[in-house]
Amino acid sequence: MSAPPVNEIVTRSREETEKVGERLGRGAVAGDVLALWGELGSGKTTLVRGIARGLGLPQGEVTSPTFVIVHEHEEGRLPLFHVDLYRLGPDETASTGWDEGIAAGAVTAIEWPDRVAGSLPADRLDIRLDHAGGDERRIRIEPTGPRGSALAERAS
Ligand SMILES: Nc1ncnc2c1ncn2[C@@H]1O[C@H](COP(=O)(O)OP(=O)(O)O)[C@@H](O)[C@H]1O
Ligand SMILES: [Mg+2]
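Residues numbered from 1 in each chain as written. Chains lettered and ligands numbered in written order. Predicted model: local features only at pLDDT ≥ 70, side-chain atom pairs only at ≥ 80, totals over all residues. Heavy atoms only, no water.

**Overview of the sheet that holds strand β7 (residues 137-143)**
Read from one edge to the other, the open sheet built from seven strands follows the order β1-β7-β6-β2-β5-β4-β3, with strand pairing classed as mixed. Where the open sheet ends on each side, the last strands, each with one partner, are β1 (7-11) and β3 (70-73). Sheet twist, expressed as the mean angle between neighbouring strand axes with direction ignored, is 20°. Pairing geometry for β3 and strand β4 (residues 80-84), over four bridges, is antiparallel. Counterpart to H73 in the pairing with β4 is L80. (Pairing = 2+ DSSP bridges. Helix = DSSP H or I, 4+ residues; strand = E, 2+ residues; numbered from the N terminus. Axes fitted to C-alpha atoms, helices over the stretch in contact; angles between N-to-C directions.)

**Points about the pattern of salt bridges**
This structure, assessed with the given rule, holds 14 salt bridges. E8 is the partner of R138 in a salt bridge, and the nearest nitrogen-oxygen pair spans 3.7 Å. With R138 in strand β7 and E8 in strand β1, this residue pair connects regions lying 130 residues apart in the sequence. When the shortest N-O distance is used, the salt bridge between E15 and R53 registers 3.1 Å. Of the two residues, E15 is situated in helix α1 (residues 14-27) and R53 in helix α2 (residues 44-54); the sequence distance between them amounts to 38 residues. When salt bridges with common partners are traced through the structure, they connect E15, E18, K19, E22, R26 and R53 into a single cluster. (Salt bridge = Lys/Arg side-chain N within 4 Å of Asp/Glu carboxyl O.)

Printed below as a string of structure tokens:
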């Protein structure tokens, strides 16, 4: 089997990363899951802000981590479940309900998916964000199945 396609983008500002997210949000369909991998400050929340914009949510809806693990935004074209697992303890995975949105008709964007790596849906869009010096961020888009591939294609 051939390796999955990887699309790599380098952005040079917060706004450019938001635009990448906006395209993903415009292309997303109900049930899509995006797993955002990358260290603190790599741009995960910024990307989710763009996804929100692409789904037609009002500006300023998406915020950085609080003690709430799942933020639901219902005002867009589709519901957006913004999941931030940063503070999830190793024994909490069963009790938080972080994955409730995935089965429903929402779009789910997950920050810190490594916290629950074994329980992620098999078919999703992995997005890896890395610092590339200064304000540059390398963003790699890696589908893990047909649904993820379709989303990547609609967003490209
Ligand atoms: N190219 C870029 N893409 C995204 N964010 C950038 C970029 N350049 C600088 N930044 C800054 O990096 C920070 C990213 O923060 P955030 O999106 O909250 O990251 P994370 O959620 O991964 O911790 C913001 O302060 C943003 O202004
Ligand atoms: Mg964040």
